[in-house]
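Understanding the architecture of this molecule
If you want the building blocks of each chain, they are given just below.
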Amino acid sequence: MRDTTDTPEGSAPGAPREAGPGTRPGGPAAEPSEPRGCLFAFSQPPLALFLAVVGALVFLAAVHDLFLL
């Protein structure tokens, strides 16, 4: 005989339930996740600092090549 306790049709009793849109895994008490834009990574301070240093080095190399060589 089959166990029919609170499982949607076609899923195994031990299978994880799908989370609804905008929810984090962790149960019903979890707050909805915020959508992140494509520029989210660039707002991180370590990445912004790294890109600033690399950009400054490229700029200095370009100025050196244009005006000092």
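Residues numbered from 1 in each chain as written. Predicted model: local features only at pLDDT ≥ 70, side-chain atom pairs only at ≥ 80, totals over all residues. Heavy atoms only, no water.

1. Notes on the overall build of the protein
Stated precisely, the cut-off is as follows: Here a strand is any run of E in DSSP of at least two residues, a helix any run of H or I of at least four, and the numbering for each starts at the N terminus. Three exposure classes are used, based on accessible area relative to the maximum for each residue type with a 1.4 Å probe and protein chains only: buried under 20%, partly exposed in between, and exposed over 50%. In these tables, accessible area is a Shrake-Rupley quantity obtained with a 1.4 Å probe, and a residue counts as shielded only by the protein chains included in the view.
When helices and strands are counted, the protein shows 1 helix and 0 strands. Taken over 69 residues, the protein has a buried fraction of 0%. For the protein, the accessible surface area stands at approximately 6,600 Å², while carbon and sulfur atoms represent 67% of it.

2. Describing a nonpolar patch on the surface
Quick note on the threshold: Exposure above 30% relative accessible area and the absence of a salt bridge qualify a residue for a patch, where like charges join within 9 Å and nonpolar side chains (Val, Leu, Ile, Met, Phe, Trp, Tyr) within 5 Å. Note on definitions: salt bridges are taken to be side-chain nitrogens of Lys or Arg within 4 Å of carboxyl oxygens of Asp or Glu.
Together, Leu39, Phe42, Leu47, Phe50, Leu51, Val54 and Val58 make up an exposed nonpolar region whose accessible area comes to about 650 Å². With respect to the secondary-structure elements, Leu47 resides in helix α1 (residues 45-68).

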